[in-house]
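This is what each chain is made of:
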Amino acid sequence: MPKTTRRESRETAFSLLFEWSFREEESLEEIIETAKLTRDAEVDSFALELLSKVIQNREELDSLIGQYSQGWKLKRISRTALAGLRMSFCEMTKLEDIPVGASINEAVELVKMFGTNEEATYINGILGSFERVRRGLEDAPAKQEEENAQEDNQDKQLNTQDIQEEHKPQTDKKPDDIELIEDIVIEVE
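Novice: Go over the pattern of salt bridges with me, naming the residues and quoting the values.
Specialist: For the coordinates displayed, the defined rule picks out 14 salt bridges. One salt bridge in this structure joins Glu26 and Arg23, with 3.0 Å as the shortest N-O distance. Look at Arg23 and you get buried, because its relative accessible area is 19%. Here Asp62 ties to Arg58 by a salt bridge, and the two come within 3.7 Å at their closest N and O atoms. On the criterion of helical spacing, the pair formed by Asp62 and Arg58 is a turn pair, its members being 4 residues apart in helix α4 (residues 58-68). Residue Asp62 is classed as buried on the basis of its relative accessible area of 11%. Residues joined by salt bridges that share partners form a network here, namely Glu19, Arg23, Glu26 and Arg39.

Novice: If you had to explain the environment of Leu127 to someone new, which residues and values would you point to?
Specialist: Mapped onto the secondary structure, Leu127 falls in helix α7 (residues 117-134). Here Leu127 falls in the buried class, since its relative accessible area comes to 0%. Here the alpha-carbon distance between Leu127 and Met92, two residues 35 residues apart in the chain, equals 9.3 Å. Not counting chain neighbours up to four residues away, the residues in contact with Leu127 comprise Leu85, Ser88, Phe89, Met92, Ile104 and Ala107.

Novice: How would you summarise the packing of helix α6 (residues 100-114) against α7 if you had to cite specific residues and measurements?
Specialist: The axes of two packed helices give the description: the angle between them and the distance between them. Between α6 and α7, whose axes approach to 8 Å, the crossing angle comes to 165°. Between α6 and α7, the interaxial angle falls into the category roughly antiparallel. Where α6 crosses over α7, the handedness of that crossing is right-handed. Across from Val100, Ile104, Ala107, Val108, Val111 and Lys112 in α6, the residues of α7 making contact are Asn117, Glu119, Ala120, Ile123, Asn124, Leu127, Gly128, Glu131 and Arg134. Of the residues that constitute the contact of α6 with α7, the class distribution is 8 nonpolar, 3 polar and 4 charged.

Cut-off values and rules
- Residues numbered from 1 in each chain as written.
- Predicted model: local features only at pLDDT ≥ 70, side-chain atom pairs only at ≥ 80, totals over all residues.
- Heavy atoms only, no water.
- Salt bridge = Lys/Arg side-chain N within 4 Å of Asp/Glu carboxyl O.
- Buried < 20%, exposed > 50% of the residue type's maximum accessible area, 1.4 Å probe, protein only.
- Helix = DSSP H or I, 4+ residues; strand = E, 2+ residues; numbered from the N terminus.
- Contact = heavy atoms within 4.5 Å.
- Axes fitted to C-alpha atoms, helices over the stretch in contact; angles between N-to-C directions.
- Parallel < 35°, antiparallel > 145°, perpendicular 65-115°, else oblique.
- Left-handed = near helix turned anticlockwise from the far one by under 90°.
- Nonpolar A, V, L, I, M, F, W, Y, C, P; charged D, E, K, R; others polar.

Laid out in structure tokens, this is it:
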């Protein structure tokens with residue numbers, strides 16, 4: 001079996017991070033096992049290390065993404081872009097032997113391959129800004145966690161109110177007013 005390149009390892013890690021974003025309740029082992037069974041995915045040591053570090057450090061990575069995405073809450077960022085951002089931020093902050101330029105370039109190329117050019121441009125801007133701050137070339141953007149937390153709480157309250165309204169009993173109807181629908185047949189083709 002030929003040796004896997006870092007690019008191939010990143011592609012594997014990227015696709016598994018994307019899948020994980022839909023199934024975060026499952027363990028990394030379950031997601032890898034499913035990928036091996038369904039599409040013969042090969043997960044080498046670099047891909048596994050990258051995946052493990054992203055998942056272990058997700059809150060910290062998401063906080064950085066939230067800080068540098070300037071006004072975009074995580075739930076508004078596509079899962080493709082989010083996988084690329086998480087992976088690259090992890091490489092830049094947790095894996096010391098990887099050149100920053102390579103990390104950014106690989107994430108941008110993967111997002112172009114699996115997403116859109118607009119998403120690739122977007123993550124390139126975020127990652128580039130982060131690196132300029134790390135080098136002291138510009139100031140870090142203000143953290144927006146408090147504002148995002150308040151918006152999330154407001155969203156939850158509105159959703160709860162909507163659900164309560166939908167399921168509110170209708171007190172103006174009496175049992176005699178209720179019509180029963182009988183003999184509903186659904187044809188399945």
